[in-house]
Every structure is written in C-alpha cells, then in structure tokens.
Amino acid sequence: MDRCKDLIDYNQQWAADRVSEDPEFFERLCAIQEPEFLWIGCSDSRVPANQITGLQPGEVFVHRNIANVVPREDVNSASVIQFAVDTLRVQHIIVCGHYGCGGVKAALGPSLEDPLEFWVEHLRRIRDKNSDELDALPDEDSRWRRLCELNVLTQAENLARLRVVRAAWQRGQALAIHSWIYDLRDGLLKDLGFSRDGL
Ligand code: CO
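The residue numbering used here restarts from 1 in each chain and proceeds along that chain's sequence as written. Given that this is a predicted model, residues contribute local features only at a pLDDT of at least 70 and side-chain atom pairs are listed and counted only at 80 or more, while totals for whole chains, interfaces and linings are drawn from all residues. Side-chain numbers here rest on the full set of heavy atoms in the structure, without hydrogens or water.

**Examining the domain arrangement of the protein**
Boundaries of every domain are those given by an automatic assignment or by a domain database. The assigned domain composition of the protein is domain 1 (1–31) and domain 2 (34–196). Computed over C-alpha atoms only, the centres of domain 1 and domain 2 are separated by 30 Å.

Here it is in structure tokens:
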C-alpha cells in the first residue's frame, strides 16, 4: 500500500522539478505531440523504452506487449502503428526485443493456458519456421537467445509489409524500420541489421 503512496510522492517532486528546470515543460507537451519514434518493445519491466534511450516525455510513442510482437490480426498493435504513421508521422519504428525474454522462452516450452497460449502461438510459429537453424544450436540457452533475435527480425519484416507502412512509403513519407535487441546482462542495445526505409 505505502509503496503506491511513494509513487505519488515521487511524482509530485518530479513534476515540480520539471517546472523549475523549464517553466513551459508541461504547457508545451499539452499543445502538441510530435514524437520522432515509435517504439515496439516487450512489456518486461527491465526494458523501459525511455530510460534506456534517454528519450524524454513527448519524444517516443510506445507500444509494449509480451515479446514485442505485431500480429496482423492484433487490433491493438495495428491501431498504434496506424496512428503513429498516419497521424503522428513518426520517422522511425524501432522493434526492440531483449535477450532473456520470458515470452520467447515460453515458445520453447510446453503449452500454456489461454489467453497466454494464444499469444505465445505467434512465437511458436517463428520457432517452427526456423527449426532447422534452432535445432542445430548446442543448447537451450543458445536456442532461446537466437529465437529472441529471430522474433525481432520477423516482426520488423512484418512491419515492412503492412499496408499502412507501404502506403506511407508510396506517398514519399520518411519512415524507417529498425530491428534492435537489448541485453539485460550489460544494458546495451544492439542493431540486428534489418532495416528498411522505402519500398
Ligand atoms: Co520479454
């Protein structure tokens, strides 16, 4: 109970500090939202988008779900992407996974109860599609790490095929897709190499 009060107390101090540093901080943010980035990351509490990238309020539009997936039939992530591209006109979409992802690990294990199993199915499909590569790896830990990477790459490729993204490129809108992974062990981001900025 008291821990929640701590959060409110912290917030009051934080808001006061912002205003003392920059009296128009909140006024400016109220007037307009124009983030340059859309971040698609995992819900994992250890991978907070703003903190690990140094981005301030107003600078990144964030969507997080278990294992950072963007299934075509998922209305939630699809709406976020549509709004970010068509209305906010973000210039970068960053798909960021992380090593040690529990959602990805679940796809290497036994079946779960719904609705989690329904969600993890998206990852099982990526595992199945890449089973030759994964099975050739020496141990479970290497398979887990590689599947974390393959998931990010798959999601980034899926984004590049989305109608809303292709339409943006067709009308000449600046928009780049990036595939990153975060390592919980050292706090570092790594570019996995897939990127696209046009048709
Ligand atoms: Co995760």
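**Things to note about a nonpolar patch on the surface**
The grouping of Ile-66, Leu-112 and Leu-116 at the surface amounts to a nonpolar patch, some 220 Å² of accessible area in total. Secondary structure elements are taken from DSSP: a helix is a run of H or I of four residues or more, a strand is a run of E of two residues or more, and numbering for both begins at the N terminus. Structurally, Leu-112 is set in the loop between α5 (102–106) and α6 (116–129). Put simply, a patch holds well-exposed residues, over 30% relative accessible area, that have no salt bridge, with like charges counted together within 9 Å and Val, Leu, Ile, Met, Phe, Trp or Tyr side chains within 5 Å. For every accessible area listed, the method is Shrake-Rupley and the probe measures 1.4 Å; residues are considered covered only by the protein chains on display. Any carboxyl oxygen of Asp or Glu that lies within 4 Å of a side-chain nitrogen of Lys or Arg is treated as forming a salt bridge with it.

**What about a positive patch on the surface?**
A cluster of basic residues, Arg-72, Lys-129, Arg-161, Arg-166 and Arg-196, forms a positive patch on the protein surface. Among the secondary structure elements, Lys-129 is positioned in helix α6. The class of Lys-129 is exposed, set by a relative accessible area of 72%. In this tally, Lys and Arg are treated as positive and Asp and Glu as negative; His is ignored, and so are the chain termini. To locate a charge, take atom NZ for lysine, CZ for arginine, CG for aspartate or CD for glutamate. Using a 1.4 Å probe on the protein chains alone, a residue whose accessible area is under 20% of its type maximum counts as buried, one over 50% counts as exposed, and one in between counts as partly exposed.

**Some thoughts on unusual backbone geometry**
Here the bond from Asp-114 into Pro-115 is cis, since omega is 5 degrees, no more than 30 degrees from zero. Phi at Asn-68 is positive, roughly 40 degrees, even though this residue is not glycine. Position of Asn-68 among the secondary structure elements: in the loop between β2 (60–65) and α4 (75–88). Accessibility expressed as a relative area gives 2% for Asn-68, which makes it buried. Within the chain, Arg-89 stands out as a residue other than glycine whose phi angle is a positive 55 degrees. One can find Arg-89 in the loop between α4 and β3 (92–98). By relative accessible area, which is 45% here, Arg-89 ends up partly exposed.

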